[in-house]
Amino acid sequence: MSQIYSFAGENDFYRRGAIYPNPKDASLLLSLGSFVDVYFPPSKRSRVVAPTVFSGFEKKPVSIDVLPDECLFEIFRRLPGPQERSACAFVSKHWLTLVSSIRQTELDVSSNKTEDGDDCEGCLSRSLDGKKATDVRLAAIAVGTAGRGGLGKLSIRGSNSASKVSDIGLRSIGRSCPSLGSLSLWNLSTVTDNGLLEIAEGCPQLEKLDLNRCSTITDKGLVAIAKSCPNLSELTLEACSSIGDEGLQAIARSCSKLKSVSIKNCPLVRDQGIASLLSNTTCSLAKLKLQMLNVTDVSLAVVGHYGLSITDLVLAGLSHVSEKGFWVMGNGVGLQKLNALTITACQGVTDMGLESVGKGCPNMKKAIISKSPLLSDNGLVSFAKASLSLESLQLEECHRVTQFGFFGSLLNCGEKLKAFSLVNCLSIRDLTTGLPASSHCSALRSLSIRNCPGFGDANLAAIGKLCPQLEDIDLCGLKGITEFGFLHLIQSSLVKVNFSGCSNLTDRVISAITARNGWTLEVLNIDGCSNITDASLVSIAANCQILSDLDLSKCAISDSGVHALASSDKLKLQILSVAGCSMVTDKSMPAIVGLGSTLLGLNLQQCRSISNSTVDFLVERLYKCDILS
């Protein structure tokens, strides 16, 4: 054995023949013991059939997965373009995570080819709802949209259960979508300031931000957005319990282009935040919504003084604002451009406060006042007199307003009032005295009286004389009006008529209205009027030339009435509802098919006398029509 190791150095090998005359002798092979792995005879090697002995020489398959993430990252960032990176991202979730983590500033510009269609940058819109909203989907969106024009609008709405969207998903968007202009995050309790920091850093073109029920996002995230996104123009915050004045102050300082702000149910937002917001965006802020906040009269005073550009103002649920707040806001003379005002559930709305607001907003055209228990007839009439430009007025659940306030506002609103709506005002009663003979409201075109149980025939008679130019009439749920009251309205050139829930409506009223307004009537809704029979349908078919929408739900009509509609050559209905009409049966099928040439919508719900086979037949024949059954 000493001869085997007889060499002087690494270049001195044993060059003689075989040590043993017969190297294939099994006894000699076994005698080598542990040295078998280094035995290589000079003769031709025989085929090895014992893998257990030579398994150490087998080569393992080579895979790119053996490379560390750092190497893969360097490879991906040097790919020629977004299409190639997108193709790699689809290989596995691991690769998708790596590709989506590459910032735009980390891409190798020298190896990236330019893409056509740059003028379409940020044109794509994506929305994820419920269980579909996950970090993996966000990463796929981030990578996939990069080569197709870029993501411009993203909406994520989490589910009520544990959200699957976290800061990792927003990191993918922030690093891959620099053209993002609109971001909406709803019900995402797992997204924190870190996610919003990634958006701020990677999406400087952001213009719209909507945060709803994001309880773990604080002022820190909003400050980051303010510093990095100077083009922010719309901000919506709702039920964000950790965002307060500090975030709003940062937005006010840095976002000079802010045009619309909506803040609702954010308990940490106080007067200081609202004051900073208004005082720094005097020349740009056009729309402001303050709802269910812990602000006081100070905020309304600031709105009245600094709201020089505000055109739309919504104040709702401000329980700490008193009469003084509305009075100061009106006397601040800053709301000269205000066009639309909505006040809901604010205890400070009194007669004096509302009158002051009317005087301070000379260009206001639309006003909605609801759930104001302290507003009375005097305040409403004073507001109408002060608002000379008012074109639309809606009152809802103002229970101290009576018929005198209603007619008084009609007479004092001026010649520009075109629409008046009264909803759930329980103190309205029927007039017992007549109106002045010279009184009129010739500009009024639309009147809506809904669920005011005391509204009766005398009021309708007065309206018929006072408003001869009415075109749209909505009398819903007025069970105290009889045939006598309805007939006072037929003198107008009616276009849209809604008598739903008026149980005293009769065929005589419908026949009179259709005979008088057959050339102008476009929409007729008599849902729930149980006294309407086939006679009304015969009159409609004979007189209505341009009627397109007809609702006969829960009326006492039968197959004969439907056949009468179908027999008319003039009628071109697009929407027809016979829901809940138990006397309409399968025999009406030919008539409905006859109407089908123009029908786009058909409601057959709760028609128990119409079989499923008839519905299936209609679905097949009326392929252009949406059928509810």
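Everything discussed here concerns the structure shown above.
Residues numbered from 1 in each chain as written. Predicted model: local features only at pLDDT ≥ 70, side-chain atom pairs only at ≥ 80, totals over all residues. Heavy atoms only, no water.

**Student:** Is there a simple way to think about the packing of helix α13 (residues 323-331) against helix α14 (residues 351-360) in this case?
**Tutor:** One way to put it is that α13 packs onto α14 with a least axis distance of 7 Å and a crossing angle of 15°. Taken together, α13 and α14 sit at an angle that is classed as roughly parallel. α13 and α14 meet at a crossing whose hand is left-handed. Residues E323, F326, W327, M329, G330 and N331 of α13 form the contact with α14, whose participating residues are M352, G353, S356, V357 and G360. Class assignment of the residues belonging to the contact of α13 with α14 gives a composition of 5 nonpolar, 5 polar and 1 charged. (Axes fitted to C-alpha atoms, helices over the stretch in contact; angles between N-to-C directions. Helix = DSSP H or I, 4+ residues; strand = E, 2+ residues; numbered from the N terminus. Parallel < 35°, antiparallel > 145°, perpendicular 65-115°, else oblique. Left-handed = near helix turned anticlockwise from the far one by under 90°. Contact = heavy atoms within 4.5 Å. Nonpolar A, V, L, I, M, F, W, Y, C, P; charged D, E, K, R; others polar.)

**Student:** Help me understand the pattern of salt bridges, please; the structure alone is not making it clear to me.
**Tutor:** In a structure, side chains of opposite charge can pair up when their charged atoms sit close to one another. The full count for this structure, using the stated rule, is 9 salt bridges. R450 is the salt-bridge partner of D474, the closest N and O atoms lying 2.8 Å from each other. One end of the pair, D474, is in strand β14 (residues 472-476); the other, R450, is in strand β13 (residues 446-450), and 24 residues separate them in sequence. For D474, a relative accessible area of 14% puts it in the buried group. Residue classification places R450 among the partly exposed residues on the basis of a relative accessible area of 28%. Overlapping salt bridges bring together E74, R77 and R78 as one network. (Salt bridge = Lys/Arg side-chain N within 4 Å of Asp/Glu carboxyl O. Buried < 20%, exposed > 50% of the residue type's maximum accessible area, 1.4 Å probe, protein only.)

**Student:** What should I look at first to understand the environment of F499 in this one?
**Tutor:** Its location among the elements puts F499 in the loop between β15 (496-498) and α19 (507-517). The exposure class of F499 is buried, given its relative accessible area of 0%. When the C-alpha positions of F499 and D474 are compared, they lie 6.4 Å apart, and in sequence the two are 25 residues distant. Those residues in contact with F499, other than ones at most four positions away along the chain, are I473, L475, F486, L505, I513, N525, I526 and C529.

**Student:** Just checking my understanding: could you explain unusual backbone geometry for this structure?
**Tutor:** Peptide bonds are, in most cases, trans, and in most cases residues other than glycine have a negative phi. A positive phi angle, close to 55°, is found at A345, a residue other than glycine. In this fold, A345 is placed in the loop between β9 (340-344) and α14. Positive phi outside glycine occurs at K371, with the angle close to 55°. Tracing the chain through its elements places K371 in the loop between β10 (366-370) and α15 (377-386).

**Student:** What should I look at first to understand the side chain of D193 in this one?
**Tutor:** Mapped onto the fold, D193 is located in helix α8 (residues 193-202). Comment: no salt bridge for buried D193; closest opposite-charge side chain is K220, at 5.7 Å. Aside from chain neighbours lying at most four places away, what touches D193 is T216, I217, T218, K220 and G221. (Lys, Arg positive; Asp, Glu negative; His and termini not counted.)

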